[in-house]
Structures are given as structure tokens and as C-alpha cells.
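Here is what each chain is made of, one letter per residue.
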Amino acid sequence: MNGSYDVIIIGSGAGGGTLARHLAPTGKRILVLERGTWLPREPQNWVAADVFVDNRYVSPDTWYDARGKPFQPQIHYFVGGATKLYGAALYRLRAEDFGELQHHDGVSPAWPISYADLEPYYTRAERMYQVHGAREEDPTEPPASAPYPFPAVSHEPRIQQLSDDLAAAGHHPFHAPCGIMLDETNMPYSTCVRCPSCDGFPCPLHAKSDAEVLGIRPALEHPNVTLLTDAEAVRLETNDPGTAVTQVVVEHEGHEERYAADIVVVSCGAANSAKLLLRSATDRHPNGLANGSDQVGRNYMFHTSQAVLALSREPNPTVFQKTLGVNDFYFSGPDFPYPMGNIQMVGKSQPDMYRGEKPLETKLAPRWAMRDVARHAIDFWLSTEDLPRPDNRVTVRPDGRVQLSYTPSNPTAAKRLYHQLKSMLGRLGLHPDHLIHRFAYLKSDIPVAGVAHQAGTCRFGTDPATSVLDVDCRTHELDNLYVVDTSFYPSIGAVNPALTAMASALRVGDHLRERLGVHAPAGAQHV
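Residues numbered from 1 in each chain as written. Predicted model: local features only at pLDDT ≥ 70, side-chain atom pairs only at ≥ 80, totals over all residues. Heavy atoms only, no water.

Working note: a packed helix pair is described by the angle between its axes plus the distance between those axes. Relative orientation of the contacting elements helix H3 (residues 115–128) and helix H11 (residues 498–515) amounts to 110°, with a least axis distance of 8 Å. Between H3 and H11, the angle falls in the class roughly perpendicular. With respect to the hand of their crossing, H3 and H11 are arranged in right-handed fashion. On the side of H3, the interface is formed by Leu118, Tyr121, Tyr122, Arg124, Ala125, Glu126 and Met128, while H11 contributes Leu499, Thr500, Met502, Ala503, Ser504, Leu506, Arg507 and Asp510. (Axes fitted to C-alpha atoms, helices over the stretch in contact; angles between N-to-C directions. Helix = DSSP H or I, 4+ residues; strand = E, 2+ residues; numbered from the N terminus. Parallel < 35°, antiparallel > 145°, perpendicular 65-115°, else oblique. Left-handed = near helix turned anticlockwise from the far one by under 90°. Contact = heavy atoms within 4.5 Å.)

Next comes the structure, spelled out in C-alpha cells:
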């Protein structure tokens, strides 16, 4: 035995990193296990060729698809998890997303909690992650108990023109909620410099609101918190009745170690959290821990996403482009009475990105041609809700690796959203015949490799026969085992999932503080 703690958190991303910071002031002994290392701060952080062509920060791992074909998932094992390279678009789910929604191709199920239950934690998460935004611009925006903690990030002129054109066409563009440490009123002292290398890049300035900078680092200021890097949890062991986890088995720097805690929290991301539970099968839990319902690994979701490039008739000199969103088609379209999804800007494309995304098509293209495309490009990200399907699932191969079976669940809505955007281009100063699909998942040749928005696999609910977790994200079958990441989602909505994971971590954190016997002083505003 290498050590005993009050709480072990396995994973340091949006779920684990947020929870670690929330529990740090309790004085309880907390161990955070991270299978990766600190992401290096280096000039290559901002070099598109290194990030998008050479995949410098994609962590080595091999998964397999349903046919047994190996692939490299676009995954990032670092302190801070996937948030180290995310676009920091921190959206709330819509209030309606918590209820049952009928889609063209199926049903999005209701959650066991309401939006009102999570709303206070959304507000706290926005404060913790320093979100910039503006209320009441987006007609689908759910009620909020406080304004955004920071003003909206301003549009640069070409994006402001796009916003004006959208409004003139009868739409409701809004300032996207951005998690960046930007002070536009005092740029000499602003950490963020509005660079072009944010979305999909690591930030060497620590100006992105990620779970390392705003979760793990503040947690480590408390002497009761320990972080172990290069430490992969490979198995959870239980007591003889199988009612509690007694040890976490870890491969640390090439050798096996064991740690114990009163409470164990799995925050590895939807696929790897399911993998850890499935690999921890025992005589009492022959199908994997907490899997009496046969739901662990099932209902994997990751958004039906499309990155598209539209060519502007005039140059687009925008540097920081990810400031605008449109949700007018979130619940229906002009001639389509079903949800379609979210439209938002994505980071401004650069010539080297095209080489990473379409190496064969661009191999012979002169560099000036790609520069000209980039100079006129306006880049959009379209997200359509991925519906939970039991057969879209994570299983574990005999060699212990992830096998991911996936079939698109909501293709009609995704096609309609694409054509909806295409139909609008002519009125927005964009070429209507030049809406080009970018490979959202870069050099990968199959869509399942894009795992940035993964969710599901350990859904929460009130019925142990149909869910893995209870409403506090504790497993139904093991009293001291929790899953705190995006695994608990019964549905994923059509907006980026990070803020909901952060808000949920704060909600579960309040439950754990109570379980640990720690109560905030009267009037305290802990996060």
C-alpha cells in the first residue's frame, strides 16, 4: 500500500480538476491521479504545423472500432485533460434539454434533475472559469440567477459585420460565452492577447480557462492536495461483499502502486471511465464494477459535428474569431419541426491546418493558394445532438484496450443544419457555392476518432435497472464510488459539454463536502 487518503480523484479535466479545487479547502487528504504529464509550455504551442499536421499534443493511445480496426483517438492526456486544447466555449445546456425532446431520428431522454437544480452551479462554474458573455441576446438561453462575471468578448470588424447581417436577415446572433482571461479595457495587463492560436491549441500564456490553470493549480496551493502525474489507474479493487472500493491500482512511472481512500471519484472521460469500471470486474461484479444494469459503456455520445469553411467575398482579417453563435435552429428550422442544433464560430483557419486536415488534396497545392483561401475564410462549427443508443458503446478488448462501436444517431438533423447555413450565405456576404467541409477530426480517417465532446457511458438516474449512477453521481452498487465527468449525461444537447461537466462537479462537490462532514461557514461563497 502506497498511501491512504480521504478522497482519490482519477483524472484532472473538466470534472476532476473542478472537483479537486472545490474540495481543496476542506483540509481533507486528496490525491489526484493523472495518467499524463504537465503539457509543456514551448513555442510549438502556437505553431499550427506542430499542432495540426504533426499532432504534437495528441496523446499516444490505440482504440479499436466496431470492426476491430485500430485508430488513434484525438485525445489529450495532460494535467487539465481535454480542456488544455479545447476552444473554451462554455455554454449552458438549454432548459428544455433536461426534459424529453422528440427529434426527427429519435428521442432525447429526460434527465433525473431539472435545469433549475443545476442553475446555481452553472453560475458558480461561470465564475470559477471566468466566462465572458452577454445575457438576453440568445432567445434559447435559459434563465440565469446572475449576469456573466465578465463582459462579452467583442467581435472584430468582419465578425461584427456578419452579426449585423444575421440580425438584418431576422436571426438572433449572440456573443458566444468564452472562457479566456481577457481584459479588453486594459490590454497591457491582460493575460490573453486575442491571438489566432487558441481554439485547438494549448495556451502558453495560461490565458485559457482550463482545468489545469483554474482547477488543479489553485487546488495544489492547499497542502492537503497531492497530484501524481504519469499515473494511470488500471483497476479498482473492492471489499469482499463488493459494496465499496478499497484500493486503486495505479501504473506510475512504469511500476504498480496501490492507494486507498474513503471516497473514490472516477473522472477519466466518458470512454476511459467506462473502461476502468469494465476492467475492474470481480466475482461480485462479473460484468464490471457498478454494471449490474449492463449500462456501463452504453449510450456513448459525442455530437454530430461539422467544421465548415465559407469563403467571404472580401478578406477576413479576423484574428480571434470564436466570438459569435446562433441558436435560432436549436429546436426547429423554418420548414423542419425538429431540433437541428447550434451554429458557432470556430478558430480562424490557417494554411497549415489544411495540410493537416486534407494532406492528399493539398500536397500539390501552392502555398499561396492556401494562404488566399485562409485570407477569405470564415469558419463555422455546427453541432447537432447525438442521441443515446445502447449499441453505441465502449467495451474492453482482451488486451485491455478500448473498443468503440458507433453508428450516427441523428443524421437528418445534421444535414438540415448544414443546408440551413448554406442557404443563408448569400445574404451574409459569403459565396453561397463555397461552403467547404473541413475535417473536424483532422488527420483521422474515421469520425469516431474525434472524441472531444464524448459523453454518456455511465448515465445517472433514479432506477438502478436502467442507470449506473444515482442523482449525486454515486454508483448505485458501490457506496464510495462516484463518476464525475461527462459520463453521467443521459443526453448531450447540442452545445459544448464542458460547462455542464464543471457545474456538475461543483454540485457533486457540495454533496461530498456534506458527506465528509465539512460545512462552509455562514455566508461563505466557496466555489
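Attention shifts here to the sheet that holds strand S19 (residues 402–405). What the four strands build is an open sheet, ordered S4-S3-S19-S18; its pairing is mixed. Edge positions in the sheet fall to strand S4 (70–71) and strand S18 (393–396), since each of these pairs with one other strand and no more. One ladder, built from two bridges, connects strand S3 (residues 63–65) with S19; its direction is parallel. Along S19, the bridge assignment pairs Tyr64 with Gln403. Running over the sheet, helix H6 (residues 270–279) touches S3, S18 and S19 and is turned about 40° from S18. (Pairing = 2+ DSSP bridges.)

Now for the packing of helix H1 (residues 16–23) against H11. Contact geometry for H1 and H11: axes closest at 8 Å, N-to-C directions at 40°. Classified by the angle their axes make, H1 and H11 are oblique. For H1 against H11, the interelement crossing comes out right-handed. In contact with Thr18, Leu19, His22 and Leu23 of H1, H11 contributes Met502, Ala505, Leu506, Gly509, Asp510, Leu512 and Arg513. Grouping the amino acids of the contact of H1 with H11 by side-chain chemistry returns six nonpolar, three polar and two charged. (Nonpolar A, V, L, I, M, F, W, Y, C, P; charged D, E, K, R; others polar.)

As a further point, take helix H4 (residues 157–168). If you check H4, its first and last C-alpha atoms are 16 Å apart, about what 12 residues at 1.5 Å a residue would give, namely 16 Å. Within H4, the full set of buried residues consists of Arg158, Ile159, Leu162, Ser163 and Leu166. Viewed along the axis of H4, the buried residues span an arc of 145°, placing them on a single side of the element. Away from the buried face of H4 by more than 90 degrees, exposed residues Pro157 and Ala168 are located. Once H4 ends, the next one or two residues include Gly170, with phi positive near 95°. (Expected span 1.5 Å × (residues − 1). Buried < 20%, exposed > 50% of the residue type's maximum accessible area, 1.4 Å probe, protein only. Arc of directions from axis to C-beta.)

Turning to the packing of aromatic side chains, a few remarks are in order. If you walk through the whole model with that rule in mind, you get 16 aromatic pairs. Here the aromatic rings of Phe52 and Phe201 are separated by 5.1 Å at their centres, their planes lie at 65°, and the arrangement is edge-to-face. With Phe52 in helix H2 (residues 48–53) and Phe201 in the loop between strand S9 (178–179) and helix H5 (212–220), this pair connects stretches of sequence that are 149 residues apart. Plain terms: the ring middles of Trp63 and Phe71 are 6.3 Å apart, the flat faces sit at 80° to each other, and that makes the pair edge-to-face. In this structure, Trp63 and Phe71 share a single accessibility class: buried. Ring-pair connections join several aromatic residues into one group, and the members of that group are Phe98, Trp111, Tyr115, Tyr122, Phe460, Phe488 and Tyr489. Sitting over the face of the ring of Tyr330, Arg94 holds its NZ or CZ atom 5.9 Å from the ring centroid. (Phe/Tyr/Trp six-rings, centres within 6.5 Å; stacked < 30°, edge-to-face > 60°. Lys NZ or Arg CZ within 6 Å of the ring centre and 35° of its normal.)

The analysis is restricted to geometry; functional conclusions fall outside its scope.
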